[in-house]
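# Chains, contacts and geometry: an overview
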Amino acid sequence: MNNTETKNLKAVNTILGKLEIRQVKTMCPLHGEYLANQVWLSGQIKEISECPECFKLKQAQKAIEEEKARKEEAERNRKQRIVETRMPLEYQTKDFSTFIQETDSQKAAFKLARRFVKGWEKAKAGGYGLLFLGSCGTGKTHLACAIMIELLKEYAFSYPRYYKASEIFSSVRSTYQAGSTTNEEETLKFFSSIQLLVIDEVGVQKGSEAEKRILFSILDNRVTSNKPTILLSNLGPKALEELLGDRLYDRVRSKCVPMLFAGSSMRKPATADLFD
Ligand SMILES: Nc1ncnc2c1ncn2[C@@H]1O[C@H](COP(=O)(O)OP(=O)(O)OP(=O)(O)O)[C@@H](O)[C@H]1O
Ligand SMILES: [Mg+2]
Ligand SMILES: [Zn+2]
């Protein structure tokens, strides 16, 4: 009970003639003697003010618990935002700290990824993205997902999204079916308007004319409306140019900084001890 409350009670006491405040020396088992306010009503103790030191300790404990709850909430939000990018589960914990930089290629790729995150505001404003090329298991998806995780960490208003090229194609194809709630145009618009679009596994299957048209439409829209895109492919520059065609490849090159991931696969072969 603080001084104002004590005064108020004294005032009530005067009016009703029933309440009484007594100040009594009291022992706190932890902090020793203190002057407690006792509230008496009709001859019975109704309240005793607690030890001021215990009160302070409880307040401090409460602040710690609130801070802990706040951190847990922030961590839940962070994980939720990572899930919302649609990146595969395997990569959801792979941030920059987990990317090994031993070879020159890994060092160069990592440096570029870090520059991209640091320069995100410029990338966003100019629609500048990345083009990761290289053979299987060299860390393209890992680093692209790490970029998304780092962007979410650094920028509250970043909304990266991950799609495999095949998912984009089937999403557009599904609009041709009877009963589809969206049409092709809306779906193309959706992919064109994503703030940062990561398209993985470009050129995994030999693209049909329809697929090339879909990719062209989305990338052309994104390039001309300054939306950054990160493209990942197993193909070499020549094969990618053949797949995309001169006009699209030219557009991609004007906006996406290329990086060749060299070396052999970092995928660990599965061994029997995985089951132990
Ligand atoms: N530099 C690295 N540091 C740590 N782990 C790595 C690195 N490069 C690759 N890996 C790991 O190796 C595995 C394969 O990497 P990733 O999936 O990124 O390859 P990729 O280049 O996308 O291959 P693909 O073309 O087959 O899709 C993943 O588990 C990834 O975390
Ligand atoms: Mg990959
Ligand atoms: Zn105490």
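Residues numbered from 1 in each chain as written. Chains lettered and ligands numbered in written order. Predicted model: local features only at pLDDT ≥ 70, side-chain atom pairs only at ≥ 80, totals over all residues. Heavy atoms only, no water.

## Examining the sheet that holds strand β8 (residues 256-261)
Selection rule: At least two bridges found by DSSP between two strands are what make those strands a pair. Every helix listed is a DSSP run of H or I at least four residues long, and every strand listed is a run of E at least two residues long, numbered separately from the N terminus. Angles here are taken between N-to-C directions and fall from 0 to 180 degrees, while the axes themselves are lines fitted to C-alpha atoms, restricted in helices to the stretch in contact. What makes two residues a contact is simply this: any of their non-hydrogen atoms within 4.5 Å.
Ordered in space as β5-β6-β7-β4-β8, the five strands form an open sheet in which the pairing is parallel. Each edge of the sheet is formed by a strand with only one pairing partner; in this case those strands are β5 (160-164) and β8. Looking at each pair of strands side by side, their axes are set apart by 15° on average, direction ignored. Inspection of the sheet shows strand β4 (residues 129-134) paired to β8 by six bridges, in the parallel sense. Bridged to Phe132 within β8 is Met259. Contacting β5 and β6 (196-202), helix α6 (residues 165-173) runs over the sheet at an angle of about 85° to β5. Across the sheet, helix α8 (residues 209-224) is in contact with β6 and β7 (229-233); its angle to β6 comes to roughly 150°.

## Section: the layout of surface pockets
Selection rule: In this analysis the probe radius is 1.4 Å and the grid spacing 1 Å, with only protein atoms considered; a cavity is a set of points the probe fits into but cannot get out of, a pocket is an open set with protein on both sides within 12 Å along at least five of seven lines, and lining residues have an atom within 4 Å of a point. Grid points are joined across faces, edges and corners, and a volume is the space filled by probe spheres set on the points. For this classification, Asp, Glu, Lys and Arg are treated as charged, while Ala, Val, Leu, Ile, Met, Phe, Trp, Tyr, Cys and Pro are nonpolar and the rest, including Gly, are polar.
Volume-wise, the largest pocket comes out at about 650 Å³. What lines the largest pocket is a set of 25 residues, among which Tyr91, Gly137, Gly139, His142 and Arg267 lie closest to the centre. Listed by contribution, the elements that provide at least two residues to the lining of the largest pocket are α5 (140-154), β5, β6 and β7. Taken together, the residues of the lining of the largest pocket sort by class into eight nonpolar, nine polar and eight charged.

## Concerning the nonpolar core
The condition is simple: To form a nonpolar core, buried Ala, Val, Leu, Ile, Met, Phe, Trp, Tyr and Cys residues must be joined to one another through side-chain atoms within 4.5 Å. Buried, partly exposed and exposed residues are distinguished by accessible area as a fraction of the type maximum, computed with a 1.4 Å probe on protein chains only: under 20%, between the cut-offs, and over 50%, respectively.
By size, the foremost hydrophobic cluster in this structure holds 32 residues, and its most contacted members are Phe116, Phe132, Leu143, Ile147 and Ile230. Every element with two or more residues in this core is listed here: α3 (104-118), α4 (120-126), β4, α5, β6, β7 and β8. Of all the elements, α5 adds the most residues to this core, at nine residues. Once residues lying within four places of it in the same chain are set aside, the contact partners of Phe116 are Ala123, Tyr128, Gly129, Leu130, Ile147, Leu151, Leu196 and Ile230. Ranked by size, the runner-up nonpolar core spans 26 residues in total, among them Ile168, Val202, Leu231 and Cys256.

## Thoughts on the domain arrangement of the protein chain
As a reminder of what qualifies: Marked domain ranges trace back to an automatic or database domain assignment.
The assigned domain composition of the protein chain is domain 1 (3-50) and domain 2 (88-261). The centre of domain 1, based on its C-alpha atoms, is set 70 Å off from the matching centre of domain 2.

## Some details on the sheet that holds strand β1 (residues 19-28)
Taking strand neighbours across the sheet as the criterion, the three strands line up as β1-β2-β3 in an open arrangement whose pairing is antiparallel. Strands with a single pairing partner mark the edges of an open sheet, and in this sheet they are β1 and β3 (44-48). Neighbour to neighbour, the strand axes of the sheet diverge by 35° on average, direction disregarded. As paired elements, strand β2 (residues 32-41) and β3 share four bridges and run antiparallel to each other. From the neighbouring strand, Leu41 faces β3, where its bridge partner is Gln44.

## A word on the pairing of β7
Condition: The handedness of a crossover follows from its direction of travel: if, with the strands pointing away from the viewer, the path from the first strand over the helix to the second runs clockwise, the crossover is right-handed.
With five of five residues buried, β7 lies mostly within the body of the structure. By the bridge criterion, four bridges tie β6 to β7 in an arrangement that is parallel. Looking across to β7, one finds that Val198 is bridged to Ile230. This β-α-β element, β6 to α8 to β7, shows right-handed connectivity.

## Let's talk about unusual backbone geometry
Here the phi dihedral of Ser42 falls at roughly 50°; this positive angle occurs in a residue that is not glycine. Structurally, Ser42 can be placed in the loop between β2 and β3. Here Asn226, not a glycine, exhibits a phi torsion of approximately 55°, which is positive. Relative to the helices and strands, Asn226 is located in the loop between α8 and β7.

## Things to note about helix α7 (residues 184-193)
Formally: Note: the arc covers the axis-to-C-beta directions of the helix.
Those residues of α7 lying buried are Thr187, Leu188, Phe191 and Ser192. The buried residues of α7 occupy one face: seen down the axis, they fall within an arc of 140°. Exposed residues pointing more than 90 degrees away from the buried face of α7 are listed as Glu185 and Lys189. On its buried face, α7 sits against β5, α6, β6 and α8.

## A word on the side chain of Asn37
Note the threshold: Here a polar contact is taken to be a pair of N or O atoms separated by no more than 3.5 Å, where protein atoms must pair a possible hydrogen donor with a possible acceptor and residues adjacent in sequence count only if both atoms sit in side chains.
Looking at the element boundaries, Asn37 is found in strand β2. A distance of 2.7 Å separates the side chain of Asn37 from the side chain of Gln23, its partner in a polar contact.

## Observations regarding the site of ligand 1
Stated formally: Working definition: residue near molecule or strand if any one of its non-hydrogen atoms lies within 4 Å of it. Shrake-Rupley sampling with a 1.4 Å probe provides the accessible areas, and residues are treated as covered by the protein chains on show and by no other component. The rule for placing a molecule in a cavity or pocket is simple: more than half of its atoms must lie within 2 Å of the grid points.
Taken together, the neighbourhood of ligand 1 is formed by 18 residues, with Tyr91, Lys94, Ile100, His142 and Asn234 sitting nearest. Gln106 places a polar side-chain atom, nitrogen or oxygen, 3.5 Å from a nitrogen atom of ligand 1. With respect to ligand 1, the backbone of Gly139 contributes an N or O atom lying 3.0 Å from an oxygen atom. For ligand 1, the protein covers 91% of the area, taking 630 Å² as the surface of the free molecule. Most atoms of ligand 1, that is more than half of them, are within 2 Å of grid points of the largest pocket.

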